[in-house]
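# Structural overview
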Amino acid sequence: MKRRNAIQIAALAAATGAMPMTFAHGNEDHSKKAGPVKKEQKPWGIAGDEKDIKRTVAVSMGDNMRFTP
């Protein structure tokens, strides 16, 4: 009976987040800006410049999980 209670307590603690958390990359401070972006060709394109923005495209998603431009 004691073993069953211990297992139930451990399961409850894990489900409620009472166990200590482990972070994969540590506790690094991500609040600082990295600086200017280097404009270089990547497989997905080249970084844009905020000053060159001329339009905004609104995209919405419905309850049917479909995107509508």
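Quantities reported herein were computed from a predicted structural model and do not represent experimental measurements.

Looking now at the overall build of the protein chain. Each helix and strand counted, the protein chain has 1 helix and 2 strands in total. Per-residue burial over the protein chain gives 1% buried out of 69 residues. Total accessible area on the protein chain is roughly 7500 Å²; 58% of this is exposed by carbon and sulfur atoms.

Now for the environment of Val 57. Summarising the element assignment, Val 57 is placed in the loop between helix H1 (2-16) and strand E1 (60-61). Counting along the chain gives 12 residues from Val 57 to Pro 69, while the straight-line C-alpha distance between them is 7.2 Å.

Time to look at the pattern of salt bridges. For the structure shown, the criterion picks out 1 salt bridge. Glu 40 serves as the salt-bridge partner of Lys 42, at 3.6 Å between the closest nitrogen and oxygen. Judged by relative accessible area, which is 32%, Lys 42 ranks as partly exposed.

Look at Met 65: it is not a glycine, yet its phi comes out positive at around 60°. Looking at where Met 65 falls in the secondary structure, it is placed in the loop between E1 and strand E2 (67-68).

A separate point is a nonpolar patch on the surface. A cluster of nonpolar side chains, Val 57, Val 59, Met 61, Met 65 and Phe 67, forms an exposed patch at the surface whose accessible area comes to about 550 Å². Positionally, Phe 67 belongs in strand E2.

Here the focus is the confidence of the model for the protein chain. On average, residues of the protein chain score 76 in pLDDT, and 74% of them reach the 70 mark or higher. The secondary structure element of the protein chain with the lowest average pLDDT is H1, at 73, and the one with the highest is E1, at 92.

Parameters at a glance
- Residues numbered from 1 in each chain as written.
- Predicted model: local features only at pLDDT ≥ 70, side-chain atom pairs only at ≥ 80, totals over all residues.
- Heavy atoms only, no water.
- Helix = DSSP H or I, 4+ residues; strand = E, 2+ residues; numbered from the N terminus.
- Buried < 20%, exposed > 50% of the residue type's maximum accessible area, 1.4 Å probe, protein only.
- Areas by Shrake-Rupley, 256 points an atom, 1.4 Å probe, with all protein chains shown as cover.
- Salt bridge = Lys/Arg side-chain N within 4 Å of Asp/Glu carboxyl O.
- Patch = residues over 30% accessible without salt bridge, like charges linked within 9 Å, V, L, I, M, F, W, Y side chains within 5 Å.
- pLDDT = per-residue confidence, 0-100.

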